[in-house]
Amino acid sequence: MKILVCGGAGYIGSHTCVALAARGHEVVIFDNLSNGSEDAVQRVRKLSGRPLAFVEGDVRSLESLRMVLSDGVDAVIHFAALKSVSESCSEPLAYFDNNICGTIRLLQAMDGAGVRNLVFSSSATVYGDPQVVPIHEGAVLQVTNPYGRSKLVAEDLIRDLCGARKDFNATLLRYFNPVGAHPSGLIGEDPLGTPCNLMPYVSQVAVGRRPRLNVFGGDYSTPDGTGVRDYIHVMDLADAHVKAVEQLNSSSGCQAINLGTGHGVSVLELVRAFEQASGRDIPYTIVDRRPGDVAACWADPSKAFEVLGWKAKYGVRAMCEDAWRWQLANPNGYRRH
Ligand code: NAD
Ligand code: UDP
């Protein structure tokens with residue numbers, strides 16, 4: 001298949017491009033480099049052993065999208081979005097513009113070009129504060145911040161389009177907590193500034209870029225009092241995208257699918273696993289809860305197995321080992337322009 005990967009120069013997109021190329025698909029990366037990097041594109045090419053096409057462009061530009069979609073694209077994977085919950089609370093309009101308007105433009109361009117297959121990056125954030133864990137796709141959808149709203153609205157827009165165009169197929173992949181890196185250490189997560197997420201923060205403490213970790217809350221009703229999440233290796237996510245995009249031609253309509261391991265891991269369990277993987281101490285202090293955090297959140301991933309034949313292969317140990325290999329080889333991440 002010829003696949004347009006919007007946001008393919010970013011963290012999950014770059015790993016997915018390598019996995020798509022390994023399956024023999026033709027990949028076109030489309031990214032405005034707001035949080036991606038040309039170095040990542042170069043490294044994807046190196047890992048794939050192929051000169052994958054890269055077009056610098058914005059999903060909010062109908063003209064740029066028309067250009068890349070005009071040339072026999074079979075499917076689109078849409079990763080392109082802003083993703084910081086805290087930033088979305090201070091700059092909601094930027095999130096609505098990028099994530100919602102960007103999705104509308106992409107759907108318009110696909111409709112115009114007759115491209116009917118879409119895989120969309122959604123998030124477990126659409127479940128808000130879950131009433132029940134593990135979380136099933138049929139759980140109540142509710143959001144607690146503008147980032148979550150942008151994902152929920154984008155999901156609704158895609159679902160409505162599938163209702164109106166019976167030949168339009170879409171899979172909404174709801175990721176739990178993506179972590180880890182390609183085992184080569186060549187590509188990985190490269191947050192700009194101070195990381196908001198646990199794994200990159202821990203990793204930067206281990207490598208000496210930050211003095212210690214603040215653990216947000218030690219009084220949750222969880223086994224050790226710290227927050228519990230479903231961490232999922234980015235290599236497993238990449239594999240799920242390949243399966244989802246390959247399955248689109250034989251599916252119809254719009255379906256939402258959880259991508260997680262089905263296992264909850266606490267902050268302190270993750271810290272210990274990272275200490276083992278890296279052989280470094282991770283000093284930490286337990287501080288107040290972070291506003292908006294939920295106590296525990298993990299997936300029921302059974303639908304992914306039923307529909308895609310996918311289940312997670314990697315555990316927390318591999319997630320930490322691979323994240324550490326990437327961090328050690330690239331202590332300052334990619335070269336940004
Ligand atoms: P990322 O920031 O590394 O990748 C997103 C890419 O999209 C970047 O390369 C960025 O430059 C590009 N981009 C952003 N806006 C664009 C625009 N308007 N036009 C063109 N390109 C644009 O993020 P990621 O972690 O790889 O996340 C990918 C997707 O998965 C996002 O949609 C995100 O919301 C979703 N997601 C991420 C997580 C996570 O924890 N990483 C969890 C759940 C869902
Ligand atoms: N966390 C933490 N310190 C940090 C970052 C995160 O203790 O510096 C905790 C956070 O409270 C949550 C877990 O780690 O319990 C995962 O947080 P992350 O931001 O990675 O993901 P999300 O909140 O989106 O699930």
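In case you missed it, the structure is sitting above this.
Notes on the structure follow. Along each chain, residues carry numbers from 1 onward, in the same order as the chain's sequence is written. Throughout, the order in which chains and ligands are written sets their labels, letters from A for the former and numbers from 1 for the latter. For a predicted model such as this one, the threshold for reporting local features is a pLDDT of at least 70, and the threshold for listing and counting side-chain atom pairs is 80 or more; totals across whole chains, interfaces and linings nevertheless cover every residue. Only hydrogens and water are set aside; all other atoms, that is, all heavy atoms of the structure, feed into the side-chain values.

### Overview of the overall build of the protein
- Within the protein, the secondary structure is distributed over eleven helices and 14 strands.
- In terms of overall size, the protein behaves like a compact globule, its C-alpha atoms giving a radius of gyration of 19 Å where 337 residues would be expected to give roughly 20 Å.
- The dimensions of the protein, computed from C-alpha atoms along their principal axes, are 55 × 40 × 40 Å.
- When a residue's accessible area, from a 1.4 Å probe over protein chains only, is under 20% of the maximum for its type it is buried; when over 50% it is exposed; and in between it is partly exposed. By the burial criterion, 54% of the 337 residues in the protein qualify as buried.
- We call two residues in contact when some of their heavy atoms are within 4.5 Å. Long-range contacts, defined as pairs at least 24 residues apart, comprise 80% of the intrachain contacts of the protein with a sequence gap of at least 6.
- Under the convention used here, a 1.4 Å probe and the Shrake-Rupley method define accessible areas, while residue burial counts only the protein chains that appear. A total of about 14,200 Å² of accessible surface is found on the protein, and carbon and sulfur atoms cover 50% of it.
- On the protein, the mean spot of the 33 positive side-chain charges and the mean spot of the 36 negative ones are 3 Å from each other. Working definition: helices are DSSP H or I runs of at least four residues, strands are E runs of at least two. Numbering for both runs from the N terminus. To get the radius of gyration, use the C-alpha atoms; to get the globule rule, take the number of residues to the power 0.38 and multiply by 2.2 Å. Positive charges come from Lys and Arg alone, negative charges from Asp and Glu alone, with His and the N- and C-terminal ends not counted. To locate a charge, the coordinates of NZ of Lys, CZ of Arg, CG of Asp or CD of Glu are taken.

### Details of the environment of D288
- Its location among the elements puts D288 in the loop between β13 (284-287) and β14 (296-297).
- For the pair D288 and N214, spaced 74 residues apart in sequence, the C-alpha separation works out to 8.9 Å.
- Not counting the four nearest positions on each side in its chain, D288 is found in contact with F216 and G217.

### A closer look at the pairing of strand β1 (residues 2-6)
- Burial runs high along β1: five of the five residues are buried.
- Note that β1 and strand β2 (residues 26-31) share five bridges and pair parallel. Opposite I3, over in β2, you have V27 as the bridge partner.
- Since β1 and β2 lie parallel, the crossover through helix α1 (residues 11-22) that links them has a hand, and here it is right-handed.
- As paired strands, β1 and strand β4 (residues 75-78) are joined by four bridges and run parallel to one another. From the neighbouring strand, L4 faces β4, where its bridge partner is V76. We call two strands paired when DSSP finds no fewer than two bridges between them. Call a crossover right-handed when, viewed with both strands pointing away from you, the route from the first strand across the helix to the second goes clockwise.

### Structural notes on the site of ligand 2
- It suffices for a single heavy atom of a residue to lie within 4 Å of a molecule or strand for the residue to be listed as near it. Near ligand 2 there are 14 residues, and of these L198, N214, R229, R290 and D293 occur at the shortest range.
- Contact distances for ligand 2 include 2.9 Å between an oxygen atom and a backbone N or O atom of L198.
- We call two N or O atoms a polar contact when they sit within 3.5 Å, provided that within protein one can donate a hydrogen and the other can accept it, with sequence-adjacent residues counted only if both atoms are side-chain atoms. One nitrogen or oxygen atom from the side chain of R290 is found 2.8 Å from an oxygen atom belonging to ligand 2.
- When ligand 2 is considered free in solution it has 520 Å² of accessible area, and contact with the protein chains removes 87% of it.
- For the shell around ligand 2, the element with the most residues is strand β8 (residues 213-216), which contributes four residues.
- Class assignment for the residues of the shell around ligand 2 results in seven nonpolar, four polar and three charged. Each residue receives one of three labels: charged for Asp, Glu, Lys and Arg, nonpolar for Ala, Val, Leu, Ile, Met, Phe, Trp, Tyr, Cys and Pro, and polar for the others, Gly being one of them.

### What to know about the sheet that holds β14
- Across the sheet, which stays open at both edges, the three strands sit in the order β12-β9-β14 with mixed pairing between neighbours. Of all the strands in the sheet, the pair left with one neighbour each is β12 (265-266) and β14.
- As judged from the two bridges shared by strand β9 (residues 228-229) and β14, these two strands associate in the parallel manner. Bridge pairing in β14 links V228 to A296.

### A few points about the site of ligand 1
- Around ligand 1, the structure places 27 residues, and the nearest of them are I12, D31, N35, K83 and Y147.
- Residue D31 places a side-chain N or O atom 2.6 Å away from an oxygen atom belonging to ligand 1.
- In isolation ligand 1 offers 820 Å² of accessible surface; the protein chains occlude 96% of this area.
- Listing elements by their share of the shell around ligand 1, those giving two or more residues are α1, β5 (117-123) and α6 (146-164).
- In terms of residue count, β5 provides more of the shell around ligand 1 than any other element does, three residues in total.
- When its residues are assigned to classes, the shell around ligand 1 shows eleven nonpolar, eleven polar and five charged.

### Some thoughts on the packing of aromatic side chains
- Two aromatic rings, drawn from Phe, Tyr or Trp (for Trp, its six-membered ring), form a pair once their centres lie within 6.5 Å of each other, and the interplanar angle then sorts them: stacked below 30 degrees, edge-to-face above 60, tilted otherwise. Within the structure shown, the criterion is met by four aromatic pairs.
- Between Y95 and Y147, the ring centres sit 6.5 Å apart and the planes meet at 85 degrees, which makes this aromatic pair edge-to-face. Of this pair, Y95 sits in helix α5 (residues 92-113) while Y147 sits in helix α6, and the two are 52 residues apart along the sequence. Judged on exposure class, the residue Y95 and its partner Y147 are both buried.
- Taking 5.9 Å as the distance between ring centres and 85 degrees as the angle between the ring planes, the aromatic pair formed by F274 and W324 counts as edge-to-face. Of this pair, F274 sits in helix α9 (residues 267-278) while W324 sits in helix α11 (residues 316-329), and the two are 50 residues apart along the sequence. Neither residue differs from the other here; F274 and W324 are each classed as buried.
- Only Lys NZ and Arg CZ are tested; either one counts as a charge over a ring when it is within 6 Å of the ring centre and within 35 degrees of the ring normal. The ring of Y201 is capped by R210, whose NZ or CZ atom sits 5.8 Å from the centre of that ring.

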